[in-house]
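Observations on the model geometry
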Amino acid sequence: MWSRVVEFMLGCWLAISPFVFTPGEQGPESPLLIWLCAILVIVSGLASYWNPLRHLHLANVLVALAMIGYGRFAVSAPVPPALQNLILTGLLLLMFALVPNRASQPPRCWYENSPG
């Protein structure tokens, strides 16, 4: 479940990123939009720890695609640094959202069929 921890950290980065970039670098995006994405990422990453919602982290794929699309197509070139941050954070989130919860554990058949 290490990938859910990384998703939580990316959500925290999204939450503080409007404070990191100066207002001149912000571009057209609203901090509320970024905070909404951050809340969705954090909640879906943490809720994946609960077994009935173990696949909820896949919702981060949709959030990541929306972040990438918005960051790329919100303004014409050159893309401001705040939107570049949104694109790169979306790409990272997309990569980690595809990692299964049990990625660091051996396959189930290895320990179910083991002698002993």
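Residues numbered from 1 in each chain as written. Predicted model: local features only at pLDDT ≥ 70, side-chain atom pairs only at ≥ 80, totals over all residues. Heavy atoms only, no water.

Some points on the UniProt feature "transmembrane region" (unreviewed entry) in the chain
To be explicit about the condition: UniProt positions are given in the numbering used here, feature names are shortened, and annotations may be inferred rather than shown by experiment. Helix and strand assignments follow DSSP, with helices taken as H or I runs no shorter than four residues and strands as E runs no shorter than two, numbered in order from the N terminus.
Those places that UniProt annotates as "transmembrane region" (unreviewed entry) correspond, in this numbering, to residues 32-50, 57-75 and 81-99. Secondary structure across residues 32-50 divides into 84% helix and 0% strand, with the first and last C-alpha atoms of the span separated by 28 Å. Helix and strand shares over residues 81-99 are 89% and 0% respectively, and the end C-alpha atoms of the span are 28 Å apart.

Here's the deal with helix H3 (residues 59-73)
Rule in force here: In a helix, the anticipated span is given by 1.5 Å times the number of residues less one. Under the scheme applied here, a residue whose accessible area is under 20% of the maximum for its type counts as buried, over 50% as exposed, and between as partly exposed, the area being computed with a 1.4 Å probe on protein chains only. Note that the arc is defined by the directions from the helix axis to the C-beta atoms. Only heavy atoms matter for contacts: two residues are in contact if any of them lie within 4.5 Å across the pair.
Taking 1.5 Å per residue, 15 residues should reach 21 Å; H3 reaches 22 Å between its end C-alpha atoms and fits that length. Here H3 has its buried residues at Asn-60, Val-61, Val-63, Ala-64, Met-67, Ile-68 and Gly-71. Along H3, the residues classed as buried sweep out an arc of 165° about the axis, all on the same side. Set apart from the buried face of H3 by more than 90 degrees, the exposed residues are Leu-62 and Phe-73. Looking at the packing, one finds that the buried side of H3 touches helix H1 (2-20), helix H2 (31-47) and helix H4 (81-97).

Some remarks on a nonpolar patch on the surface
As a reminder of what qualifies: The residues that make up patches have over 30% relative accessible area and no salt bridge, and they are joined within 9 Å when like-charged or within 5 Å when they are Val, Leu, Ile, Met, Phe, Trp or Tyr. We get accessible surface area from the Shrake-Rupley algorithm with a probe of 1.4 Å; when it comes to residues, only the shown protein chains can shield them. Salt bridges are defined as contacts in which a side-chain nitrogen from Lys or Arg sits within 4 Å of a carboxyl oxygen from Asp or Glu.
Taken together, the side chains of Val-5, Phe-8, Met-9, Leu-46 and Tyr-49 make up a nonpolar region of the molecular surface, amounting to roughly 450 Å² of accessible area. For the nonpolar patch, the element with the most residues is H1, which contributes 3 residues. Along the chain, Phe-8 turns up in helix H1.

Describing the pattern of salt bridges
Following the criterion strictly, the structure yields 1 salt bridge and no others. In this structure, Arg-4 engages Glu-7 in a salt bridge whose closest nitrogen and oxygen atoms are separated by 3.1 Å. Residue Arg-4 and its partner Glu-7 are located together in helix H1, separated by 3 residues, close to a single helical turn.

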